[in-house]
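Examination of the molecular architecture
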There are 2 protein chains.
Amino acid sequence: MVKAKSQTCCTTSEKLALPDVAWAEDLAKLTWALAHPARVRIVRLLLNRESCVCGEIVEEMPLAQSTVSQHLKILKESGLVKGEIDGPRVCYCINADAMAKLKKLIADL
Amino acid sequence: MVKAKSQTCCTTSEKLALPDVAWAEDLAKLTWALAHPARVRIVRLLLNRESCVCGEIVEEMPLAQSTVSQHLKILKESGLVKGEIDGPRVCYCINADAMAKLKKLIADL
DNA sequence: TTGCCATATCGTATATCGACGATAGACAAT
DNA sequence: ATTGTCTATCGTCGATATACGATATGGCAA
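Residues numbered from 1 in each chain as written. Chains lettered and ligands numbered in written order. Predicted model: local features only at pLDDT ≥ 70, side-chain atom pairs only at ≥ 80, totals over all residues. Heavy atoms only, no water.

Counting its secondary structure elements, chain A contains 5 helices and 3 strands. Reading the secondary structure of chain A in the N-to-C direction produces α-α-β-α-α-β-β-α. Put simply, chain A has 109 residues, and 46% of those count as buried. Long-range contacts, defined here as pairs at least 24 residues apart, represent 53% of the contacts in chain A between residues at least 6 apart. For chain A, the accessible area works out to roughly 5800 Å², and carbon and sulfur atoms hold 53% of it. (Helix = DSSP H or I, 4+ residues; strand = E, 2+ residues; numbered from the N terminus. Buried < 20%, exposed > 50% of the residue type's maximum accessible area, 1.4 Å probe, protein only. Contact = heavy atoms within 4.5 Å. Areas by Shrake-Rupley, 256 points an atom, 1.4 Å probe, with all protein chains shown as cover.)

Structure below.
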């Protein structure tokens, strides 16, 4: 379809430093945590509510408790979410530092 | 370990509108495109170079040409990257609109 | 202790990812 | 037309994601 004339493309061809691999892995890890609609919704939920026990999250999602628990585990592993034991429940909340890091990495893209 | 006293958690408990499902899927689709270090590096490469033919990307990455092509396909499907046929080559570049959308969605989290 | 509740983990099935080599298709040059 | 180059797609493999129900764990209350 689109047929560009030669040389209209690829404006800069000087040698480019390879983007830092560790940095790419950092960002990929954080974005991967958000790479599923259920996890996006969980994060939104936590941001709206400040914090939230697991059971409330399960109620809001059309997923089994065990599935939600797995998503929460992934979010915890990414660092985006923290979980604190609060008696018989677990209270989840956003890790503001990790969220800020994600926002900065994306904004600086 | 960390043992919060009851009621120090879950500060807001009013009814919360379910985050928009379509919106969550939108963001998940974009973040998923970046959820792999190789794709993050490709995006960085394209941002640095304005545009870039496929072959140059392959040279920068420790991956087979077919693998890079697959990652590019995923990036195209997410909308983050556009590819224009330029004679025998394909010139890839960032879709600024999609990138702006991603940045806004993340910033507004 | 016993039982109850909330959460995590296990086990399993299916689907998708991510990698590669091989091959097909498109285009330019000869 | 033939050849060579560049890119996309196919086929395949192992690894991992995602979902669920069943079960284990941990804390609280009686």
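Back to the write-up after that little detour.
Here the focus is the protein's contact with DNA strand D. Taken together, 25 residues lie near DNA strand D, and Thr67 and His71 of chain A together with Gly55, Gln65 and Tyr92 of chain B sit nearest. By atom count, sugar and phosphate contribute 65% of the portion of DNA strand D lying within 4 Å of the protein. Interatomic distance of 2.9 Å between a side-chain N/O atom of Gln65 of chain B and a base nitrogen of DNA strand D. Looking at the surface near DNA strand D, the elements with two or more residues in it are helix H4 (65-78) of chain A together with helix H3 (54-60), helix H4 (65-78) and strand S3 (89-94) of chain B. For the surface near DNA strand D, the class distribution of residues is 10 nonpolar, 10 polar and 5 charged. (Near = heavy atom within 4 Å. Polar contact = N/O pair within 3.5 Å; in protein donor to acceptor, adjacent residues only side chain to side chain. Nonpolar A, V, L, I, M, F, W, Y, C, P; charged D, E, K, R; others polar.)

A word on the pairing of S3 of chain B. Residue and element names in this part refer to chain B. Here strand S2 (residues 81-86) runs beside S3; their pairing, made up of 6 bridges, is antiparallel. Opposite Lys82, over in S3, you have Cys93 as the bridge partner. Turn length for the S2-S3 hairpin, with the two strands adjacent in sequence and antiparallel, is 2 residues, and the turn residue Gly87 shows positive phi of about 65 degrees. (Pairing = 2+ DSSP bridges.)

Around DNA strand C there are 24 residues in total, and Gly55, Gln65 and Tyr92 of chain A together with Thr67 and His71 of chain B lie nearest to it. Among all atoms of DNA strand C positioned within 4 Å of the protein, those belonging to sugar or phosphate total 62%. Interatomic distance of 3.1 Å between a backbone N/O atom of Cys54 of chain A and a phosphate oxygen of DNA strand C. Measuring from a base nitrogen of DNA strand C, one finds a side-chain N or O atom of Gln70 of chain B at 3.1 Å. The set of elements that each furnish at least two residues to the surface near DNA strand C consists of helix H3 (54-60), H4 and strand S3 (89-94) of chain A together with H4 of chain B. Here the surface near DNA strand C gets 5 residues from one element, more than from any other, and that element is H4 of chain B.

Let us now look at the environment of Tyr92 of chain A. Secondary-structure assignment places Tyr92 of chain A in strand S3. It is 6.8 Å that separates the C-alpha atoms of Tyr92 of chain A and Val81 of chain A, two residues lying 11 residues apart in sequence.

This part covers the packing of aromatic side chains. Taken as a whole, this structure holds 0 aromatic pairs over all chains when the rule is applied. Positioned above the aromatic ring of Trp32 of chain A is the side chain of Arg39 of chain A, whose terminal nitrogen or guanidinium carbon lies 5.0 Å from the ring centre. (Phe/Tyr/Trp six-rings, centres within 6.5 Å; stacked < 30°, edge-to-face > 60°. Lys NZ or Arg CZ within 6 Å of the ring centre and 35° of its normal.)

A few words on the confidence of the model for chain A. Confidence along chain A averages 81 in pLDDT terms, with 81% of residues attaining 70 or more. Note that pLDDT drops below 50 for residues 1-19 of chain A; the model gives that stretch 33 contacts with residues more than four away or on any other chain. (pLDDT = per-residue confidence, 0-100.)

Residues and elements named next belong to chain A. Scanning the entire structure with this criterion turns up 6 salt bridges over all chains. Among the salt bridges present, the one from Asp26 reaches Lys101, with a minimum N-O distance of 2.7 Å. Separated by 75 residues along the polypeptide, Asp26 in helix H1 (residues 21-33) and Lys101 in helix H5 (residues 96-107) bring together distant segments of the chain. For Lys101, a relative accessible area of 41% puts it in the partly exposed group. (Salt bridge = Lys/Arg side-chain N within 4 Å of Asp/Glu carboxyl O.)

What follows concerns the environment of Val53 of chain A. By the secondary structure assignment, Val53 of chain A is in strand S1 (residues 51-53). In the structure, Val53 of chain A is positioned 38 residues away from Cys91 of chain A in sequence and 4.2 Å away in space, judged by C-alpha atoms.

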